[in-house]
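The chain contents come next:
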Amino acid sequence: MKNQTIRLIALFFLGMVAGGVLVTVDLGGQIDEITHKNQLLSQQLELCSDELKQLQKSLGEREKRVVTGIEPHITILGENMAKIEEENTILVLEKQVRQWLEPVKGQEIDKLNYSLVPQVIDNRVVEFEGANYQLKVQLVVIDANITIYLEAKKEKIIRPVNQSSKINAGS
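Residues numbered from 1 in each chain as written. Predicted model: local features only at pLDDT ≥ 70, side-chain atom pairs only at ≥ 80, totals over all residues. Heavy atoms only, no water.

Participant: Could you give an account of the overall build of the protein chain, with specific residues and numbers?
Facilitator: Summing up its helical and strand segments, the protein chain has four helices and four strands in all. For the protein chain, the α and β elements follow one another from N to C terminus as α-β-α-α-β-β-β-α. Per-residue burial over the protein chain gives 18% buried out of 171 residues. With an accessible surface of roughly 13,300 Å², the protein chain has 56% of that area assigned to carbon and sulfur atoms. (Helix = DSSP H or I, 4+ residues; strand = E, 2+ residues; numbered from the N terminus. Buried < 20%, exposed > 50% of the residue type's maximum accessible area, 1.4 Å probe, protein only. Areas by Shrake-Rupley, 256 points an atom, 1.4 Å probe, with all protein chains shown as cover.)

Structure (structure tokens):
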């Protein structure tokens, strides 16, 4: 009985050792696999991080802000005009301002000469329906859309009544 107990205890310890070896081999394989995946993911993260830095650098170089639009806001001073007449006049004046500043479109904002923008428009005169409108720049906001706040003062054009007859008489 003593031999049998020793055998059972020996088999029990042998089973524990064999089980421990099998568990160690199994866990070792899993640990090796996890370590390999961890290294692979770490390498991918490093590559993605480098790629992100390069993309940000190239995007920063390419991302040049340019003037894309011109937005005039015009107020007509000292005139009692019908609303429709005022709106038509403002449309014509806005169109003229956009036309004057058309060469500015597409230029980089950082390289734009800011002081020239108001000088292009300030104190210029636009003729519309027998009246001259002198433009005065109040404020210029330079961004992707150049916003210009202007005041227009109406000045009547005085034309001689017989101007056409003088031209015909001289011919």
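Participant: Give a detailed account of the packing of aromatic side chains, specifying residues and quantitative values.
Facilitator: Counted by the stated rule, this structure contains one aromatic pair. Between the aromatic rings of Phe-12 and Phe-13, the centroid separation amounts to 5.9 Å while the plane-to-plane angle is 70°, which identifies the pairing as edge-to-face. The aromatic ring of Trp-100 is capped on one face by Arg-124, whose charged end is 4.0 Å from the ring centroid. (Phe/Tyr/Trp six-rings, centres within 6.5 Å; stacked < 30°, edge-to-face > 60°. Lys NZ or Arg CZ within 6 Å of the ring centre and 35° of its normal.)

Participant: Could you give me a rundown of helix H2 (residues 83-101), with the residues and numbers involved?
Facilitator: The end-to-end C-alpha separation of H2 is 27 Å, in line with the 27 Å expected for 19 residues at 1.5 Å each. Of the positions making up H2, those classed as buried are Thr-89, Ile-90, Leu-93, Glu-94, Val-97, Trp-100 and Leu-101. Looking down the long axis of H2, one finds its buried residues gathered within 135° of arc, a one-sided arrangement. Residues of H2 that are exposed and point more than 90 degrees away from the buried face comprise Ile-84, Leu-91, Lys-95 and Gln-99. (Expected span 1.5 Å × (residues − 1). Arc of directions from axis to C-beta.)

Participant: Help me get a handle on the nonpolar core, residues and values and all.
Facilitator: Residues Val-97, Leu-101, Ile-121, Tyr-133, Leu-135 and Ile-148 are the most contacted members of the largest nonpolar core, which totals 25 residues. Counting residues per element, the ones that place at least two in this core are strand E1 (69-77), H2, helix H3 (116-121), strand E2 (125-128), strand E3 (131-141) and strand E4 (145-156). (Core = buried A, V, L, I, M, F, W, Y, C linked by side-chain atoms within 4.5 Å.)

Participant: If you had to explain the confidence of the model for the protein chain to someone new, which residues and values would you point to?
Facilitator: Per-residue confidence for the protein chain averages 81 on the pLDDT scale, and 88% of its residues sit at or above 70. When pLDDT is averaged over each helix and strand of the protein chain, the minimum, 44, is found for helix H4 (residues 163-170) and the maximum, 88, for E3. Across residues 163-171 the pLDDT falls below 50, and counting only partners more than four positions away or on other chains, this stretch makes zero contacts in the model. (pLDDT = per-residue confidence, 0-100. Contact = heavy atoms within 4.5 Å.)

Participant: Any chance you could break down the pattern of salt bridges for me, citing the residues and the numbers?
Facilitator: If charged atoms from side chains of opposite charge come close, those side chains can pair. Taken as a whole and judged by the stated rule, the model has four salt bridges. Two residues, Lys-111 and Glu-108, come together in a salt bridge whose shortest N-O distance is 3.7 Å. For Glu-108, a relative accessible area of 22% gives the class partly exposed. Taking the shortest distance from any N to any O, the salt bridge between Lys-136 and Asp-122 comes out at 3.5 Å. In this pair, Lys-136 is assigned in strand E3 and Asp-122 in the loop between H3 and E2, connecting sequence segments 14 residues apart. A residue is classified by how much of its surface remains accessible, and Lys-136, at 39% relative accessible area, is partly exposed. (Salt bridge = Lys/Arg side-chain N within 4 Å of Asp/Glu carboxyl O.)

Participant: Outline the side chain of Lys-154, supporting the account with residue identities and numerical values.
Facilitator: By the secondary structure assignment, Lys-154 is in strand E4. Residue Lys-154 is classed as buried on the basis of its relative accessible area of 17%. With residues up to four places along the chain from it excluded, the contact list for Lys-154 reads Leu-77, Glu-79, Met-81, Glu-85, Ala-131, Asn-132 and Tyr-133.

Participant: Before we move on, could you go through the pairing of E2 and cite the residues and values that matter?
Facilitator: Where burial is concerned, the two faces of E2 differ: the one with Val-126 and Phe-128 is buried and the one with Val-125 and Glu-127 is not. One ladder, built from four bridges, connects E2 with E3; its direction is antiparallel. Bridging from a neighbouring strand, Glu-127 pairs with Asn-132 of E3. Hairpin connection of E2 to E3: two residues between the antiparallel strands, including Glu-129 at a positive phi of 50°. (Pairing = 2+ DSSP bridges.)

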